[in-house]
Amino acid sequence: MYKNAVIAAVVPAYKEEKMIAKVIQTMPDYVDHIVIVDDCSPDGTSDVVRGIEDPRVTLIRHEENQGVGGAIITAHRTAMDLGADVNVVMAGDAQMDPDYLPTLLDKVTDGGFGFAKANRFYSPESFRGMPGYRVFGNVVLSFFTKLASGYWNLFDPQNGYTAIRTEALARVPLERVAKRYSFENDLLIHLNILQVPATDVPIPAVYGDEVSSIRLSKVVPELLHRLTVGYWSRIWYRYVLWSFSPIALLLFMGLLLFILGLGIAVWVMFQIASSVVATAATVMLAALPLMIGTQMLISALQLDIQATPSTPTYSPFDARE
């Protein structure tokens, strides 16, 4: 246990026969359960796990590959069945340093947060040695994830080193969370809908010799689709269905006026191209909706940022009897 909380390490593993033993052997003693999900690996990942004598280990093997998100979901459900109070995700490739686990756990055990995640890019020095295109990609992806999830206080969304209280996790419809590369992004969207307070924890990255098998041509469209659908789902549940917020009013009216102004502006441009002189009134007819719509959209964005669930609300486990 850690600070009176039962801790479960959730370990998704795919083709990790070389590293999975290190993950188990370096797992801190205060971790009560180690749930390893072999996501239909074609190698000997499961055999290596079975060969390690550690009573904390629970091994599950998928007969069909479900992706990293699917493996994590299976492990989360198993950990909750085992009675865990906090689940922490540890990668099967040993790239998540267990020495920093207490820093992550402190935020959810007695820090009042329901969810905490590692942030590899907590200082300008964190980007040193990283190719420019990867820096740009991380910044862009983080911005779109902030916009879609509503967690404007978080960065490095693809970092899977996370800790979550099971009382918050139990409220998440796990069957609806994305099962592949966009799992982390989609989970944030669901947590925001439930208004679970979340925070970043600065933790240095650990890189090994593994080569990424991610195909950007497949991942990017999936991420864009998931973030777009997730954004509107979050707006619907948080600001329309459960309480019609001024954010929804400003957003929908702003979009309507902006699109109307844009349409009129295009029409005016075609008129000018046809040698028709545009009057001041015609120009204002296009400019006014554009300006008012833009201002409304900016106001909706500001209110959404202020509504970020970032205030600790959970009681410490040490306080319970």
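For clarity, every value in this text was computed on a predicted model and none was experimentally measured. (Residues numbered from 1 in each chain as written. Predicted model: local features only at pLDDT ≥ 70, side-chain atom pairs only at ≥ 80, totals over all residues. Heavy atoms only, no water.)

Considerations on the pairing of strand 1 (residues 7-13)
With seven of seven residues buried, strand 1 is to be regarded as a mostly interior element. The alternating pattern of strand 1 places Ile7, Ala9, Val11 and Ala13 on one face and Ala8, Val10 and Pro12 on the opposite face, and all of these are buried. Pairing analysis gives four bridges linking strand 1 to strand 4 (residues 86-89), with the strands arranged parallel. Residue pairing in the sheet places Ile7 in a bridge with Val86 of strand 4. Viewed along the sheet, the connection from strand 1 through helix 1 (residues 20-25) into strand 2 (residues 33-38) turns out right-handed. (Buried < 20%, exposed > 50% of the residue type's maximum accessible area, 1.4 Å probe, protein only. Helix = DSSP H or I, 4+ residues; strand = E, 2+ residues; numbered from the N terminus. Pairing = 2+ DSSP bridges. Right-handed = clockwise from strand over helix to strand, strands pointing away.)

What to know about the layout of surface pockets
Looking at the second largest pocket, its volume works out to about 410 Å³. The wall of the second largest pocket is formed by 19 residues, among which Leu147, Ala148, Tyr231, Trp232 and Leu251 lie closest to the centre. Contributions of two or more residues to the lining of the second largest pocket are made by helix 5 (132-149), helix 8 (216-241), helix 9 (246-273) and helix 10 (280-306). Counting residues per element, the lining of the second largest pocket draws most heavily on helix 8, which supplies seven residues. Counted by class, the lining of the second largest pocket contains 16 nonpolar, one polar and two charged residues. (1 Å grid on protein atoms, 1.4 Å probe; cavity = no way out; pocket = protein on both sides within 12 Å on 5 of 7 lines; lining within 4 Å. Points joined across faces, edges and corners; volume = space filled by probe spheres on them. Nonpolar A, V, L, I, M, F, W, Y, C, P; charged D, E, K, R; others polar.)

Topic: the packing of helix 9 against helix 10
Across the interface, helix 9 lies against helix 10 with an axial gap of 7 Å and an inter-helix angle of 150°. Taken together, the axes of helix 9 and helix 10 are roughly antiparallel relative to one another. Relative to helix 10, helix 9 is oriented so that their crossing is left-handed. Along the lines of polarity and charge, the residues of the contact of helix 9 with helix 10 split into 21 nonpolar, six polar and one charged. (Axes fitted to C-alpha atoms, helices over the stretch in contact; angles between N-to-C directions. Parallel < 35°, antiparallel > 145°, perpendicular 65-115°, else oblique. Left-handed = near helix turned anticlockwise from the far one by under 90°.)

Some details on unusual backbone geometry
A positive phi angle, near 50°, is found at Lys3, a position not held by glycine. Within the secondary structure, Lys3 is located in the segment before strand 1. Unlike most non-glycine residues, Ala94 shows phi in positive territory, near 65°. In this fold, Ala94 is placed in the loop between strand 4 and helix 4 (101-109). Classification of Ala94 as buried rests on a relative accessible area of 19%.

Some points on the packing of helix 5 against helix 7 (residues 183-193)
For any two helices packed against each other, one specifies the crossing angle of their axes together with the interaxial distance. Between helix 5 and helix 7, whose axes approach to 9 Å, the crossing angle comes to 30°. By the angle class used here, helix 5 and helix 7 are roughly parallel. By crossing handedness, the relation of helix 5 to helix 7 is classed as right-handed. Facing helix 5, whose interface residues are Leu141, Thr145, Ala148 and Ser149, helix 7 presents Asn185, Leu188, Ile189 and Asn192. Here the residues of the contact of helix 5 with helix 7 are counted per class, giving four nonpolar, four polar and no charged. (Contact = heavy atoms within 4.5 Å.)

Some points on the nonpolar core
Core analysis: the biggest nonpolar cluster contains 35 residues, and Ile36, Val88 and Tyr161 have the highest contact counts within it. Going through the elements one at a time, strand 1, helix 1, strand 2, strand 4, helix 4 and strand 5 (115-119) are the ones with two or more residues in this core. Ile73, Val89, Leu194 and Ala198 belong to the second-largest nonpolar core, a separate cluster that totals 28 residues. (Core = buried A, V, L, I, M, F, W, Y, C linked by side-chain atoms within 4.5 Å.)

Structural notes on a nonpolar patch on the surface
A contiguous nonpolar surface patch, about 600 Å² in accessible area, is contributed by Trp232, Phe244, Leu249, Phe252, Met253 and Leu256. With four residues, helix 9 is the single largest residue contributor to the nonpolar patch. Considering the arrangement of structural elements, one finds Leu256 in helix 9. (Patch = residues over 30% accessible without salt bridge, like charges linked within 9 Å, V, L, I, M, F, W, Y side chains within 5 Å. Areas by Shrake-Rupley, 256 points an atom, 1.4 Å probe, with all protein chains shown as cover. Salt bridge = Lys/Arg side-chain N within 4 Å of Asp/Glu carboxyl O.)

Quick notes on the pattern of salt bridges
Applying the stated criterion to the full structure yields 11 salt bridges. Linking Glu167 and Arg165 is a salt bridge whose minimum nitrogen-to-oxygen distance equals 2.8 Å. When salt bridges with common partners are traced through the structure, they connect Lys3, Asp106 and Asp110 into a single cluster.

Notes on the sheet that holds strand 7 (residues 198-202)
Strand order in this open sheet of seven strands is 3-2-1-4-6-5-7, and the pairing throughout is mixed. If you trace the sheet from one side to the other, it starts and ends with strand 3 (57-61) and strand 7, each paired once. Adjacent strand axes in the sheet meet at a mean angle of 20° when their direction is disregarded. Pairing analysis gives five bridges linking strand 2 to strand 3, with the strands arranged parallel. Residue pairing for strand 3: Ile36 is matched across the bridge by Leu59.

A few points about the environment of Arg180
Considering the arrangement of structural elements, one finds Arg180 in the loop between helix 6 (166-169) and helix 7. In this structure the C-alpha to C-alpha distance between Arg180 and Gly67, which are 113 residues apart in sequence, comes to 4.6 Å. The residues contacting Arg180, other than those within four sequence positions of it, are Asn65, Gln66, Gly67, Val68, Gly69 and Glu222.

Comments concerning helix 9
Relative to the 40 Å expected for 28 residues at 1.5 Å per residue, helix 9 spans 40 Å between its end C-alpha atoms, a close match to the ideal helical length. At the N-terminal end of helix 9, a side-chain oxygen is found 3.0 Å from the backbone nitrogen of Ile247, two or three residues along, and the residue is Ser245. A positive backbone phi angle near 70° is found at Ser275, which sits one or two residues after helix 9. (Expected span 1.5 Å × (residues − 1). Polar contact = N/O pair within 3.5 Å; in protein donor to acceptor, adjacent residues only side chain to side chain.)

Fair warning: the whole summary comes from geometry, so function is off the table for now.
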